[in-house]
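As a plain string of letters, each chain reads:
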Amino acid sequence: MANSEFVYVTYIRTTPEKLWRALSEPEFTRQFWMDTTQKCEWKPGASWQLLKPDGSVADAGEVVEIEPHKRLVLKWQNHMFPEMTAEGFSRLTYELVEQGDLVKLTVTHLMDKSESKLIKAVSGGWPMILSSLKSLLETGESLEATRYWPEGM
């Protein structure tokens, strides 16, 4: 079976420690990821949830692998759209590689299904979210378009 995959690479002027905090700590997440928070113990096998501002679950799964400041792998399932939920779990991988005063961040979102609706959706969402993350870490301000949850979602 063919896979659907989204890969995004960016270079951020920060440290692996700061980037890790931004990817995992609720006070950072809500600043660049549409006012969402992540609920997780950040250890292998732990439940993971991405919560909308009203507290409902947007996406959920579990931690597959974790190497702080270097690598995080999540099993990920959308809970907002039935057609995406029906596809089952995808796999999200964050890889952080320090390169001088930069960190190379590679985000890979993979689904064991060809023409995945989830991968199509995240392919449109991740670039703005990750650009906002980069902006937040480099300038102290996220992109305005990613600060609030979209109305009607």
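Up top is the structure these notes are about.
Below or above, wherever it landed, is the structure these notes cover. Quick caveat, the model's predicted, so the values are computed rather than measured.

With that out of the way, let us pick up the overall build of the protein chain. A count of helices and strands for the protein chain gives 4 helices and 7 strands. Overall, the protein chain shows an N-to-C arrangement of helices and strands of β-α-α-β-β-β-β-α-β-β-α. Its C-alpha radius of gyration of 15 Å places the protein chain within 12% of the 15 Å reference for a compact globule of 153 residues. Dimensions of the protein chain along its principal axes, counting C-alpha atoms only, are 40 × 35 × 25 Å. Counting across all 153 residues of the protein chain, residues that qualify as buried make up 44%. Approximately 7900 Å² of the protein chain is accessible, and the part contributed by carbon and sulfur atoms is 50%. Of the charged side chains in the protein chain, 17 are positive and 22 negative, and the gap between their average positions amounts to 1 Å.

Parameters and conventions
Residues numbered from 1 in each chain as written. Predicted model: local features only at pLDDT ≥ 70, side-chain atom pairs only at ≥ 80, totals over all residues. Heavy atoms only, no water. Helix = DSSP H or I, 4+ residues; strand = E, 2+ residues; numbered from the N terminus. Rg over C-alpha atoms; globule rule 2.2 N^0.38 Å. Buried < 20%, exposed > 50% of the residue type's maximum accessible area, 1.4 Å probe, protein only. Areas by Shrake-Rupley, 256 points an atom, 1.4 Å probe, with all protein chains shown as cover. Lys, Arg positive; Asp, Glu negative; His and termini not counted. Charge placed at Lys NZ, Arg CZ, Asp CG, Glu CD.

Read these as geometric descriptors, not functional statements.
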